[in-house]
Amino acid sequence: MASQKELDYCYDFVMKLTIESAKIIRDAIQGGKNIETKAGDWDLVTEYDKKVEQILIEGLVKEFPTHKFIGEETVSKTNILPELTNAPTWIIDPIDGTTNFVHAFPHTCISIALLVNQESEIGIVYNPVLEQMFTARRGRGAYLNGKPIKSSDVFELRQSLVCIEASYATIEDIRDIILGRFEAFVTIAHGIRTLGSAALTLCYVAMGAADVYHTDNLMPWDVAAGVLIIREAGGHVIDTSGGDFNIMKPRVLAMGNRKLAPELVELVRLADVKTHRRRVNDKKSSE
Ligand code: 2AM
Ligand code: CA
Ligand code: CA
Ligand code: CA
């Protein structure tokens, strides 16, 4: 599999299925929800996350019975992340931005990617509340509601609007690192935004509405579609260390313009050194 004709078919099929399933999110966002927690108080899931994933996977399995699936809520049942193989694999986040969805903050979406030979071929990120449909096919550009999008050409951090995520800051070790990096970005960039949906924020970098997105601690379904959309829009995504981005262990430094990469990698590195020193000193002074 993977002729352009087959991929065209997959794309048309998944677009329809996504739009249909997203009605559930649009209809439910303002109402009451059954909220459960997973890894901690900040890690929320609702009956809608499970329902949307079930509908998406059932629909895709029926049409593509030989394909594989990696979906957030299915993985959550066993906590075992399947290995990515060369087989056509759909990576699915039924609701990205669950915390936003719970609070009726309209920044929430379905994110779906199709990978073949471990490469993203199709990326779809759809926010049914704001009716934003971001799409990309490998080698064919990125689009918002059918119109081509292009990432920004800002090449200096001091000219940038930076998005970062803060969702794990309740875990002490991670909190110090996040706050250290936050401080570093705050003191240089035009501004900081934390939007609560990794998939949509990647798309905002793709469309040039933000220049940088940084967060560690994500999962494949948070990024699989968004990363293709950024790359097809002319942007650049690397691992936070500066190395190659690994979709199965995503630590994200995403930027509209690749010239920002060295400055970003160095900023994060220096922020972490500072955080580490601070922690050592705090420990000493409390002894
Ligand atoms: P989610 O809404 O699908 O859980 C901000 O919270 C971003 O980080 C969202 O894209 C969110 O995806 C993602 N994220 C990944 N793992 C998370 C977790 N354990 N708790 C909260 N957000 C998480
Ligand atoms: Ca989640
Ligand atoms: Ca997610
Ligand atoms: Ca999710």
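Analysis parameters
- The numbers attached to residues start from 1 for each chain and follow its sequence in the written order.
- Chain letters and ligand numbers both follow the written order, the letters beginning at A and the numbers at 1.
- In keeping with the model being predicted, local features are shown solely for residues with a pLDDT of at least 70 and side-chain atom pairs are shown and tallied solely at 80 or more, while totals for entire chains, interfaces and linings include all residues.
- By convention in this description, side-chain values take in all heavy atoms of the structure and omit both hydrogens and water.
- Only nitrogen, oxygen and sulfur atoms qualify as donors, and only when within 2.8 Å of the metal (3.2 Å in the case of Na, K and Ca); with water excluded, sites may look incomplete.
- The secondary structure listing takes helices from DSSP runs of H or I that are at least 4 residues long and strands from runs of E that are at least 2 residues long, numbered from the N terminus.
- Using a 1.4 Å probe on the protein chains alone, a residue whose accessible area is under 20% of its type maximum counts as buried, one over 50% counts as exposed, and one in between counts as partly exposed.
- Put simply, buried Ala, Val, Leu, Ile, Met, Phe, Trp, Tyr and Cys residues joined by side-chain atoms within 4.5 Å make one nonpolar core.
- Only heavy atoms enter the contact rule, under which two residues are in contact if any of them lie within 4.5 Å.
- A pair of strands counts as paired when DSSP detects no fewer than two bridges linking them.
- Fitted lines through C-alpha atoms serve as axes, helices being fitted only where they are in contact, and the angles separating the N-to-C directions of these axes extend from 0 to 180 degrees.
- UniProt positions are given in the numbering used here, feature names are shortened, and annotations may be inferred rather than shown by experiment.
- Polar contact is the term for a pair of N or O atoms within 3.5 Å; when the atoms are in protein, one must be able to donate a hydrogen and the other to accept it, and sequence-neighboring residues count only if both atoms are side-chain atoms.
- Working rule for angles: under 35 degrees goes down as roughly parallel, over 145 as roughly antiparallel, 65 to 115 as roughly perpendicular, anything else as oblique.
- Crossings are sorted by hand: turned counterclockwise from the far helix by less than a right angle, the near helix makes the crossing left-handed, and turned clockwise it makes it right-handed.
- Classification convention: Asp, Glu, Lys, Arg as charged; Ala, Val, Leu, Ile, Met, Phe, Trp, Tyr, Cys, Pro as nonpolar; all other residues, Gly among them, as polar.

1. Side note on the coordination of the calcium ion (ligand 4)
(1) Moving on: Protein coordination at the calcium ion (ligand 4): the donors are Glu 72 (OE), Asp 93 (OD) and Ile 95 (O), at 2.2 to 2.3 Å from the metal.
(2) Moving on: Mapped onto the polypeptide sequence, the residues donating to the calcium ion (ligand 4) form the spacing pattern E-x20-D-x1-I.
(3) Moving on: A gap of 3.7 Å separates the calcium ion (ligand 4) and the calcium ion (ligand 2), which Glu 72 links by coordinating each metal. Of the two residues, Glu 72 is situated in helix H3 (residues 72–78) and Asp 93 in strand E4 (residues 89–96); the sequence distance between them amounts to 21 residues. Here the two residues Glu 72 and Asp 93 agree in accessibility, since each one is buried.

2. Observations concerning the coordination of the calcium ion (ligand 3)
A four-donor tetrahedral metal ideally has 109.5 degree angles, and a six-donor octahedral metal ideally has angles of 90 or 180 degrees.
(1) Moving on: The protein atoms donating to the calcium ion (ligand 3) are Asp 93 (OD), Asp 96 (OD) and Asp 222 (OD), with metal-donor distances spanning 2.0 to 2.2 Å.
(2) Moving on: On the primary sequence, the residues serving as donors to the calcium ion (ligand 3) are separated as D-x2-D-x125-D.
(3) Moving on: Taken as an interatomic distance, the gap from the calcium ion (ligand 3) to the calcium ion (ligand 2) is 5.2 Å.
(4) Moving on: By relative accessible area, which is 5% here, Asp 96 ends up buried.

3. As for unusual backbone geometry
Backbone geometry follows two general trends: most residues other than glycine have a negative phi, and most peptide bonds adopt the trans configuration.
(1) Moving on: We note that Gln 118 has phi near 65 degrees; this positive angle belongs to a residue other than glycine.
(2) Moving on: By the element assignment, Gln 118 lies in the loop between strand E5 (109–116) and strand E6 (119–127).
(3) Moving on: Judged by relative accessible area, which is 42%, Gln 118 ranks as partly exposed.

4. Some points on the nonpolar core
(1) Moving on: Val 125, Phe 134, Tyr 213, Ile 229 and Val 252 are the most contacted members of the largest nonpolar core, which has 41 residues in total.
(2) Moving on: Elements represented by at least two residues in this core include exactly E5, strand E7 (132–137), strand E8 (142–144), helix H6 (198–206), helix H7 (220–232) and strand E14 (252–255).
(3) Moving on: Ignoring any residue separated from it by four or fewer positions in sequence, one finds Ile 229 in contact with Gly 123, Ile 124, Val 125, Phe 134, Thr 135, Ala 136, Ala 142, Ile 149, Cys 203 and Ala 206.

5. So, the sheet that holds strand E10 (residues 161–164)
(1) Moving on: Taken in spatial order, the five strands line up as E11-E10-E12-E14-E13 in an open sheet, and their pairing is mixed. Two strands bound the open sheet, and with one partner strand each, they are strand E11 (191–193) and strand E13 (236–239). Across this sheet, the average inter-strand angle for adjacent strands is 20 degrees, counted without regard to direction.
(2) Moving on: By the bridge criterion, four bridges tie E13 to E14 in an arrangement that is antiparallel. Its bridge partner being in E14, His 236 is matched across the sheet by Met 255.
(3) Moving on: On top of the sheet, H6 reaches E10, strand E12 (212–215) and E14; it is set at about 155 degrees to E12, its chief contact.
(4) Moving on: Sitting on the sheet, H7 is in contact with E13 and E14, with an inclination near 130 degrees to E13.

6. So, the UniProt feature "binding site: Mg(2+) 1" (unreviewed entry) in the chain
(1) Moving on: Following the UniProt record, the feature "binding site: Mg(2+) 1" (unreviewed entry) maps to Glu 72, Ile 95, Asp 96 and Asp 222 here. In summary, the annotated positions, though distributed over 151 residues, converge in three dimensions, the widest C-alpha pair being only 9.6 Å.
(2) Moving on: Of the residues examined, Glu 72 reaches a relative accessible area of 15% and is grouped as buried.
(3) Moving on: Dropping the residues within four chain positions of it, Glu 72 is found in contact with Lys 38, Glu 53, Ile 92, Asp 93, Pro 94, Ile 95 and Trp 221.
(4) Moving on: Within polar-contact distance, the side chain of Glu 72 engages the side chain of Lys 38 at 3.2 Å.
(5) Moving on: Summarising the element assignment, Asp 96 is placed in strand E4.
(6) Moving on: Setting aside its immediate chain neighbours within four residues, Asp 96 contacts His 107, Thr 108, Cys 109, Ser 197, Ala 198, Ala 199, Leu 200 and Asp 222.

7. Some points on the packing of helix H1 (residues 4–28) against helix H2 (residues 47–63)
(1) Moving on: Running from N to C, H1 and H2 cross one another at 160 degrees; their axes reach a closest spacing of 10 Å. Between H1 and H2, the interaxial angle falls into the category roughly antiparallel. Two packed elements cross with a definite hand, and for H1 against H2 that hand is right-handed. Of the residues in H2, those touching H1 at Tyr 9, Phe 13, Val 14, Leu 17, Thr 18, Ser 21, Ile 24, Ile 25 and Ala 28 are Tyr 48, Lys 51, Val 52, Ile 55, Leu 56, Gly 59, Leu 60 and Glu 63.
(2) Moving on: Taken together, the residues that form the contact of H1 with H2 break down as twelve nonpolar, three polar and two charged.

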